[in-house]
Amino acid sequence: MQETSPIPLDVVERVVMLHENDIVPTAKGEVYRFQDTLIPIIRTDQILNIESKENTKKFAIIVKSDQQYFGILADQLIGQKEIVIKKIDPVLQKINRYQGATIFDNGSIALILDVNALCQTKKRAKS
């Protein structure tokens, strides 16, 4: 089953295609070289506890949170869409991964990732 997790466009700096061997493991986590600096990698499959495709090609969605870049990994990109963000139940808000939900044209529901919360969680884990 494929999971679709929208990311607000206002936090996206760039999207780059990379291979698994472009990601460098370090003592404090995985990093990727972006604009002459090493940025932390956030694996959405691990954070959201979903299955990742077994391929070596990934997309890194480069975002900026608190003046620091992060790379959010995705197996596939769907593209840019205008969506309406609906509030989510307070129980889901406490998970600190989602900022809302949306309903796609086909009737499916997707939870919108809270990029800043994911980046802050990654930052705290590194410390």
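Residues numbered from 1 in each chain as written. Predicted model: local features only at pLDDT ≥ 70, side-chain atom pairs only at ≥ 80, totals over all residues. Heavy atoms only, no water.

Caption draft 1: Quick look at the pattern of salt bridges. Inspection of the entire model under this criterion finds 3 salt bridges. The residue E20 makes a salt bridge to R43 at a minimum N-O spacing of 2.3 Å. Here the residue E20 occupies a position in the loop between β1 (12–19) and β2 (24–26), and R43 occupies one in strand β4 (residues 37–43), the gap between them amounting to 23 residues. Owing to a relative accessible area of 29%, E20 belongs among the partly exposed residues under this scheme. (Salt bridge = Lys/Arg side-chain N within 4 Å of Asp/Glu carboxyl O. Helix = DSSP H or I, 4+ residues; strand = E, 2+ residues; numbered from the N terminus. Buried < 20%, exposed > 50% of the residue type's maximum accessible area, 1.4 Å probe, protein only.)

Caption draft 2: Representation of the layout of surface pockets within the structure. If you add up the space inside the largest pocket, you get close to 1,200 Å³. In terms of lining, the largest pocket is formed by 40 residues, of which the most central are T4, S5, P6, I7 and Q76. Per element, the largest residue contribution to the lining of the largest pocket is 3 residues, and it comes from strand β6 (residues 68–74). (1 Å grid on protein atoms, 1.4 Å probe; cavity = no way out; pocket = protein on both sides within 12 Å on 5 of 7 lines; lining within 4 Å. Points joined across faces, edges and corners; volume = space filled by probe spheres on them.)

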